[in-house]
Amino acid sequence: DLLLKGVSLYYMKHVLLQEVKDAGLDVDLVKVYELEPDLTSAHNFGLIRKKGANVICSRDGKVGASYVDSIVEEENDGSNKYVSHARNAMLSYTWGYGIKAIVETLAAKCRTDG
């Protein structure tokens, strides 16, 4: 179901955190709001929105897709370890949280839950 997919923990740990590093940001310190665009700039989409800025959205067919809709990495069997369709938790956070802290907290939750 296209409406219920989310970014997998695998992707956050192995791709998103690397994207943060590649953008020259300190993965240990960067906050969620620092990954968002400079709204006063017509060219700075920010790390999160930049990923889908020129992607055709699978939901409406228009240019400009969400972060999760911009993730494409299918395995030979058609599965995608980067996108999760099995959700059993809802993540609520504030812009002031560190991105690495969010990823580490989700990983700890998964270890605890098995």
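Residues numbered from 1 in each chain as written. Predicted model: local features only at pLDDT ≥ 70, side-chain atom pairs only at ≥ 80, totals over all residues. Heavy atoms only, no water.

Q: How should the packing of helix 1 (residues 9-22) against helix 3 (residues 99-113) be read in this particular structure?
A: At a minimum axis distance of 10 Å, the contact between helix 1 and helix 3 shows a crossing angle of 165°. As judged from the angle between their axes, helix 1 and helix 3 are roughly antiparallel. Crossing geometry of helix 1 relative to helix 3 is assigned as left-handed. Residues Leu9, Met12, Lys13, Leu16, Leu17 and Val20 of helix 1 form the contact with helix 3, whose own contacting residues are Ile99, Lys100, Val103, Leu106, Ala107 and Cys110. Class assignment for the residues of the contact of helix 1 with helix 3 results in 10 nonpolar, no polar and 2 charged. (Axes fitted to C-alpha atoms, helices over the stretch in contact; angles between N-to-C directions. Helix = DSSP H or I, 4+ residues; strand = E, 2+ residues; numbered from the N terminus. Parallel < 35°, antiparallel > 145°, perpendicular 65-115°, else oblique. Left-handed = near helix turned anticlockwise from the far one by under 90°. Contact = heavy atoms within 4.5 Å. Nonpolar A, V, L, I, M, F, W, Y, C, P; charged D, E, K, R; others polar.)

Q: What's the story with the pattern of salt bridges in this structure? I'm lost.
A: Once the charged atoms of two side chains with opposite charge are near each other, the side chains can pair. Using the criterion set out here, one finds 6 salt bridges in the structure. For Glu36, the salt bridge goes to Arg49, with nearest N and O atoms at 2.6 Å. Separated by 13 residues along the polypeptide, Glu36 in the loop between helix 1 and helix 2 (46-52) and Arg49 in helix 2 bring together distant segments of the chain. A salt bridge links Glu104 to Lys100; its shortest N-O distance comes to 3.9 Å. Note that Glu104 and Lys100 are positioned in helix 3 at a spacing of 4 residues, about one turn of the helix. For Lys100, a relative accessible area of 25% corresponds to the partly exposed category. (Salt bridge = Lys/Arg side-chain N within 4 Å of Asp/Glu carboxyl O. Buried < 20%, exposed > 50% of the residue type's maximum accessible area, 1.4 Å probe, protein only.)

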